[in-house]
Amino acid sequence: DFLKDPGVQFGKYIFDETMKNLSYSLHHLKDALPNLLDASCSGYHKASYLLAVIYETGLGAPSDPAEALLYSLVGAQGGDRLSLLKLGYKHYQGIDNHSLDLDVAFSYYMNVAKKTSKDRLARDTEQAYVETIRLMDEDILKEQTRENDDLFLWLKQNAERGDVYAQ
């Protein structure tokens, strides 16, 4: 388990403390960047993904596509699911200077699928329970997605309007 590594534990501690400080306000996000960098360098790749998002969106730091790509790749190399999904999606769509390459997208998605199937067998306090659902079973699908929930309806409406993040 990667969390048993003392360096990763230290990175997780830095990340958790930084997130506690940011939970009150994002006004100090720029001041948190060095801590997130330390956590990422320690091998805690949730921090790598967050750095990628910060540099991609320009939230708390100037937008920098090269830095965003760097931290996405660092997070993906470290096995962070969100980094893997992000890169897979960008190659699947051929957006943000990523080549339209279905083989590369497939490899990112396959990595996530393998990790997720292993997670069904080994429970971790940080990972949600994964359950197989047949997409044809509409009753169970509706129960899982809560299609009448306000958040789901809001996301669906924004997705239909073309909002990439809602999609």
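Here, the structure is the one placed above.
Described below are features of the structure shown in this document. (Residues numbered from 1 in each chain as written. Predicted model: local features only at pLDDT ≥ 70, side-chain atom pairs only at ≥ 80, totals over all residues. Heavy atoms only, no water.)

Next up on the list: the pattern of salt bridges. Taken as a whole and assessed by the stated rule, the structure comprises five salt bridges. It is possible to trace a salt-bridge network through shared partners that takes in Glu-56, Lys-86, Lys-90 and Asp-96. (Salt bridge = Lys/Arg side-chain N within 4 Å of Asp/Glu carboxyl O.)

Let us now look at a nonpolar patch on the surface. A cluster of nonpolar side chains, Leu-82, Leu-85, Tyr-92, Leu-100, Leu-102 and Tyr-109, forms an exposed patch at the surface whose accessible area comes to about 590 Å². Of all the secondary structure elements, the ones that give two or more residues to the nonpolar patch are helix H5 (81–93) and helix H6 (102–121). Examining the composition of the nonpolar patch, we find that three residues originate from one element, H5, more than from any other. Positionally, Tyr-92 belongs in helix H5. (Patch = residues over 30% accessible without salt bridge, like charges linked within 9 Å, V, L, I, M, F, W, Y side chains within 5 Å. Areas by Shrake-Rupley, 256 points an atom, 1.4 Å probe, with all protein chains shown as cover. Helix = DSSP H or I, 4+ residues; strand = E, 2+ residues; numbered from the N terminus.)

As a further point, take helix H1 (residues 6–22). The end-to-end C-alpha distance of H1, which contains 17 residues, comes to 24 Å, matching closely the 24 Å that a straight helix rising 1.5 Å per residue would cover. Three or more residues of H1 are buried, namely Val-8, Gly-11, Ile-14, Phe-15, Thr-18 and Leu-22. On an axial view of H1, the arc spanned by its buried residues comes to 120°, and they lie on one face. Residues of H1 that are exposed and point over 90 degrees away from its buried face: Pro-6, Tyr-13 and Asn-21. (Expected span 1.5 Å × (residues − 1). Buried < 20%, exposed > 50% of the residue type's maximum accessible area, 1.4 Å probe, protein only. Arc of directions from axis to C-beta.)

This brings us to unusual backbone geometry. Its identity as a non-glycine residue notwithstanding, Asp-96 has a phi of 55°, on the positive side. Along the chain, the position of Asp-96 falls in the loop between H5 and H6. Positive phi, close to 65°, is recorded for Asn-97, a residue that is not glycine. With respect to the helices, strands and loops of the structure, Asn-97 is situated in the loop between H5 and H6.

As a further point, take the packing of aromatic side chains. The full count for this structure, using the stated rule, is two aromatic pairs. Ring centres of Tyr-55 and Tyr-71 lie 6.0 Å apart, and the angle between their planes is 15°; on these two criteria the pair is classed as stacked. With Tyr-55 in helix H3 (residues 45–57) and Tyr-71 in helix H4 (residues 65–77), this residue pair connects regions lying 16 residues apart in the sequence. Tyr-71 shares its class with Tyr-55; the two are buried. (Phe/Tyr/Trp six-rings, centres within 6.5 Å; stacked < 30°, edge-to-face > 60°.)

For the rest of this paragraph, the subject is the environment of Ala-76. Take Ala-76: it is sitting in helix H4. As for Ala-76 and Tyr-108, which are separated by 32 residues in sequence, their C-alpha atoms are 8.3 Å apart.

The next point concerns the nonpolar core. Counting residues in hydrophobic clusters, the biggest one holds 18 residues, and the most contacted among them are Phe-15, Leu-33, Leu-36, Leu-51, Ile-54 and Tyr-55. Contributing elements (two or more residues each) for this core: H1, helix H2 (29–41), H3 and H4. (Core = buried A, V, L, I, M, F, W, Y, C linked by side-chain atoms within 4.5 Å.)

Our next topic: the side chain of Ser-83. Its location among the elements puts Ser-83 in helix H5. If we skip the residues at most four places from it in the chain, Ser-83 touches Tyr-49, Ser-72, Gly-75 and Ala-76. (Contact = heavy atoms within 4.5 Å.)

Here the focus is the side chain of Asp-80. Assignment of secondary structure puts Asp-80 in the loop between H4 and H5. Lys-46 is the oppositely charged side chain nearest to the buried, salt-bridge-free Asp-80, at an N-O distance of 6.8 Å. In this structure the side chain of Asp-80 is engaged in a polar contact, spanning 2.9 Å, whose partner is the backbone nitrogen of Ser-83. Those residues in contact with Asp-80 that sit more than four places away from it in its chain are His-45, Lys-46, Tyr-49 and Gly-75. (Lys, Arg positive; Asp, Glu negative; His and termini not counted. Polar contact = N/O pair within 3.5 Å; in protein donor to acceptor, adjacent residues only side chain to side chain.)

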